[in-house]
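# Summary of structural features
Residues per chain are reported as follows:
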Amino acid sequence: MARLTFFGAAGVVTGSKHLLETDSGARVLLDCGMFQGLRELEERNWTPPPVDPKHLDAVVLSHGHLDHCGYLPALAQQGFKGPIYCTAATAEVAGLVLRDSAHLQEEEALRAAKHPDRGLHTKALYTSDDVAKVAAAFRPVEYGEVRPDIAGCRFRLVDAGHILGSAITEFWFDTRKLAFTGDLGRYGRPLLRDPSPIAESDVVLCESTYGDRLHPASDPQADLGAVIVAAMARHGVVVIPSFAVGRTQEILYAIGQLQRTSAIPAVKVYVDSPMGIEADAIMERHPEAMRFDPKERFGPKDTSLGAEGVTNTQSAAESMKINDIKSGAIVISSSGMANGGRVLHHLRNRLPRSNDTVCFVGFQGPGTLGRVLLGGARQVRVFGVPVDVNAQIAHIDGFSAHADRSELLRWLGEFHNKPDVYIVHADPPAAASLAKAVSAQFGLNAQPAVQGKSVTI
Ligand SMILES: [Zn+2]
């Protein structure tokens, strides 16, 4: 029997890493993500999974989020020299995300070395050199193409609709088949296609980030329009803390749609995020991973997903100039949870101003400045300095890139046969809740994956 072992994203929503060992002797890692979030989770990155990277045939990467690709440079450092299969768009997104991650870790290690009393790691988990090794190992695969490349096993990547380039992996081994969702996207979104249905599989590895929750029914584009209209009526500026990859492009597209339908007044838009600007360019280069080609729809010079009046600010000096703008502007800047990045400068400047608005467009994790602001704090610390909060604080949570409970069940309901389902990438209540629903609705054998445990399949 083949064996599947869960080295991450089992009981948690981070560190996605699953080892498939087949009867025929193939050893394949599905995703190679980093643990993120609370310190005890991040500490897990320092204990390598108990698998010799030199004996892995390949990694198949579902998409370029750090919790799915972020451990790849460490694996390369530990001696992995095999191919990493993913879509061409994912190779670019993961490259961008990993370069940023290595840079942050190098900085953290330098800071830790200055304060040895804090007991933090003074060596980076990996460096830019390790990321270069990973970039050289990417082997782009087209959506829908069946590849016979991994130790005699065939595989295929189909669109997961989660972020640009994201894929569901279908893997044929021995006489069986496994399907792995990676992260599953949503139905009916403007830029990305719906998650591809899979007709048959013996085993399904299904994410369940929102397995016990539904997304709000409201239209996030209309919500964003309402926030912008109200902010402009106050003659202020809107700051949107946004993840650089994926969310920034969705926000730009939404602004463009609002502009074209005259739903918002004339406004200048600043994308103050070098990583966000690069992510825009990656999206423009990969129409094969989208519902439409932005250059066909918005013209060959389009660089902003159809939004008008957009200025991309690369340098810190250009970024600082935005501080002088008093009204009629939107500033999109990362990070999305305001726990770092250039957006902190904007928050320090805008939070005290009562006619300005800070609009969060994603989930705000515990302990982040975003969560504190949404909690109604009247004063916060930015760069260690107290800052009064007089600005309007808004939150739009309909932009999620993850399928919710109903969408996960819709996708799982497409199978014509009765696969065994293992639930990954979920907190325990979400995993248990989805497993129960899958058993009750479809009569499938479904169970949450357990960290470090193997199952025979
Ligand atoms: Zn993801």
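Residues numbered from 1 in each chain as written. Predicted model: local features only at pLDDT ≥ 70, side-chain atom pairs only at ≥ 80, totals over all residues. Heavy atoms only, no water.

In space, the seven strands of this open sheet follow the order S6-S5-S4-S3-S2-S1-S22, with mixed pairing throughout. Looking at which strands have only one partner, the edges of the open sheet turn out to be strand S6 (138–140) and strand S22 (454–456). The mean inter-strand angle of the sheet, taken between neighbouring strand axes irrespective of direction, is 25°. Pairing geometry for strand S2 (residues 17–21) and strand S3 (residues 27–30), over four bridges, is antiparallel. Looking across to S3, one finds that glutamate 21 is bridged to arginine 27. In the packing of helix H4 (residues 88–114) onto the sheet, the strands contacted are strand S5 (84–86) and S6, and the crossing angle to S6 comes to about 150°. (Pairing = 2+ DSSP bridges. Helix = DSSP H or I, 4+ residues; strand = E, 2+ residues; numbered from the N terminus. Axes fitted to C-alpha atoms, helices over the stretch in contact; angles between N-to-C directions. Contact = heavy atoms within 4.5 Å.)

A cluster of acidic residues, Glu42, Glu43, Glu107 and Glu108, forms a negative patch at the surface. Listed by contribution, the elements that provide at least two residues to the negative patch are helix H1 (39–43) and H4. Among the structural elements, glutamate 107 can be located in helix H4. (Patch = residues over 30% accessible without salt bridge, like charges linked within 9 Å, V, L, I, M, F, W, Y side chains within 5 Å. Areas by Shrake-Rupley, 256 points an atom, 1.4 Å probe, with all protein chains shown as cover. Salt bridge = Lys/Arg side-chain N within 4 Å of Asp/Glu carboxyl O. Lys, Arg positive; Asp, Glu negative; His and termini not counted. Charge placed at Lys NZ, Arg CZ, Asp CG, Glu CD.)

So, on to the coordination of the zinc ion. Here the zinc ion is held by His63 (NE2), His65 (ND1), His162 (NE2) and Asp183 (OD), and the distances to it run 2.2 to 2.3 Å. Bound by four donor atoms, the zinc ion shows angles of 91 to 164° at the metal and therefore irregular coordination geometry. Look at where the donors of the zinc ion fall in the sequence and you get H-x1-H-x96-H-x20-D. Of this pair, histidine 63 sits in the loop between strand S4 (58–60) and helix H2 (66–69) while histidine 162 sits in the loop between strand S8 (153–159) and strand S9 (167–173), placing them 99 residues apart in sequence. Histidine 162 matches histidine 63 in its accessibility class, with the two residues each being buried. (Donors = N, O, S within 2.8 Å, 3.2 Å for Na, K, Ca; no water. Tetrahedral: all angles 85-135°; square planar, octahedral: opposite > 155°, others 65-115°. Buried < 20%, exposed > 50% of the residue type's maximum accessible area, 1.4 Å probe, protein only.)

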